[in-house]
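Okay, here's what each chain looks like letter by letter:
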Amino acid sequence: MIPMSRFVETLGVVIILGWHLHAEPASGQTRFVDKAQLNDSGDGLTWQTAHRHLQTALAAATSGDQIWIREGVYYPTDGLPPQAQPESASFPMKVGVAIYGGFSGSEQSIDQRPENTLTGPTILSGDIDQDDINTDGNFISESTDQHRGINSNRVITGADALLDRLTVTGGSALIAG
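A quick note: this is a predicted structure, and the numbers were derived from the prediction, not measured.

Side note on the overall build of the chain
A count of helices and strands for the chain gives two helices and 11 strands. Secondary structure elements of the chain occur, N-terminal to C-terminal, as α-β-β-β-α-β-β-β-β-β-β-β-β. Expressed as a percentage of the 177 residues in the chain, the buried residues total 45%. Considering only contacts within the chain whose residues lie at least 6 apart along the sequence, 66% involve residues at least 24 apart. Accessible surface, the chain as shown: approximately 8,900 Å² in total, 52% of it carbon and sulfur.

This is the structure in structure tokens:
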């Protein structure tokens, strides 16, 4: 098995459809993320009070929790104060936290997600300054030749998380050896 960090660092695009990374099934709280929220002041425990930023939900989550993310593009710098080195921003995975994408924002169970995730994907993008070339409008870097400006070195860090129906793109780490 390829270690997640090595795998994510070497690929420009990762589409994840039920990738299980040594996590146990979640049995804790469900936290909701919806970038359409006006602010990030909600408790994240319903779609109506969803967190605006994935970083907020990750910070609050503990082992056994699930995070449900509404369709859209999420950046690791969203909701964080400006950084001297924004390329070091990432989404830190937590042990035992299951992260699900592909929601429209009204579901009450995992099974209610739309079956076609191509019409409303959930994207975790390392395109920090949002200037990568995107001729087809899907917010996905099809190759590193499309990267411009600042991109996250590692879009996802940590391990032992379940990721389902997420597209990870825009990472720019270079691996020596």
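Examining the confidence of the model for the chain
This prediction gives the chain a mean pLDDT of 81; 80% of its residues lie at or above 70. Averaged pLDDT values over the elements of the chain bottom out at 40 in helix H1 (residues 4-10) and peak at 98 in strand E3 (residues 30-33). Segment residues 1-26 is flagged for pLDDT under 50; beyond a separation of four residues in sequence, or across chains, it makes 63 contacts in the model.

Topic: the nonpolar core
Of all hydrophobic cores here, the largest spans 19 residues; its most connected members are Leu54, Ile67, Ile69, Phe91, Met93, Ile99 and Leu124. Where this core is concerned, the elements lending two or more residues are helix H2 (54-60), strand E4 (66-70), strand E7 (97-103), strand E10 (161-164) and strand E11 (166-169). Looking at which element gives the most residues to this core, the answer is H2, with three residues. Discounting residues that sit within four places of it in the chain, Ile67 has contacts with Arg31, Val33, Leu54, Ala57, Leu58, Ala61, Val97, Ala98, Ile99 and Tyr100. If you look at the next biggest cluster of nonpolar residues, it comprises eight residues, including Ala50, Trp68, Ala98 and Leu162.

Focus on unusual backbone geometry
Even without being glycine, Arg165 reaches a positive phi, approximately 60°. Among the structural elements, Arg165 can be located in the loop between E10 and E11. A relative accessible area of 22% means that Arg165 is categorised as partly exposed.

Brief notes about the pattern of salt bridges
Counted according to the given criterion, the structure contains three salt bridges. Across the salt bridge formed by Asp34 and Arg70, the nearest N and O atoms sit 3.1 Å from each other. With Asp34 in the loop between E3 and H2 and Arg70 in strand E4, this residue pair connects regions lying 36 residues apart in the sequence. The class of Arg70 is partly exposed, set by a relative accessible area of 26%. With a shortest N-O distance of 2.7 Å, Asp164 and Arg113 are connected by a salt bridge. With a gap of 51 residues between them, Asp164 in strand E10 and Arg113 in the loop between E7 and strand E8 (122-125) connect regions that are remote in the sequence.

Details of the side chain of Ser125
Here Ser125 shows up in strand E8. A distance of 3.1 Å separates a polar side-chain atom of Ser125 from the backbone nitrogen of Asp127.

What about the packing of aromatic side chains?
All told, the structure shown has four aromatic pairs when counted by the stated rule. Judged by centre distance (5.3 Å) and plane angle (75°), the rings of Phe32 and Trp68 are edge-to-face. On the criterion of sequence distance, the pair formed by Phe32 in strand E3 and Trp68 in strand E4 is long-range, its members being 36 residues apart. Using a relative accessible area of 7% as the deciding quantity, one classes Phe32 as buried. When the ring of Trp68 is compared with that of Phe103, the centres are 4.7 Å apart and the planes differ by 10°; the resulting orientation is stacked. Of the two residues, Trp68 is situated in strand E4 and Phe103 in strand E7; the sequence distance between them amounts to 35 residues. Accessibility assignment for this pair places Trp68 and Phe103 in one class, buried. Cluster of aromatic residues (ring-pair linked, three or more members): Phe32, Trp47, Trp68 and Phe103. A cation over a ring is seen here: Lys35 above Tyr74, with NZ or CZ 5.9 Å from the ring centre. Here Arg113 stacks its cationic end above the ring of Phe103, 5.3 Å away from the centre of that ring.

Reading guide: rules and limits
- Residues numbered from 1 in each chain as written.
- Predicted model: local features only at pLDDT ≥ 70, side-chain atom pairs only at ≥ 80, totals over all residues.
- Heavy atoms only, no water.
- Helix = DSSP H or I, 4+ residues; strand = E, 2+ residues; numbered from the N terminus.
- Buried < 20%, exposed > 50% of the residue type's maximum accessible area, 1.4 Å probe, protein only.
- Contact = heavy atoms within 4.5 Å.
- Areas by Shrake-Rupley, 256 points an atom, 1.4 Å probe, with all protein chains shown as cover.
- pLDDT = per-residue confidence, 0-100.
- Core = buried A, V, L, I, M, F, W, Y, C linked by side-chain atoms within 4.5 Å.
- Salt bridge = Lys/Arg side-chain N within 4 Å of Asp/Glu carboxyl O.
- Polar contact = N/O pair within 3.5 Å; in protein donor to acceptor, adjacent residues only side chain to side chain.
- Phe/Tyr/Trp six-rings, centres within 6.5 Å; stacked < 30°, edge-to-face > 60°.
- Lys NZ or Arg CZ within 6 Å of the ring centre and 35° of its normal.

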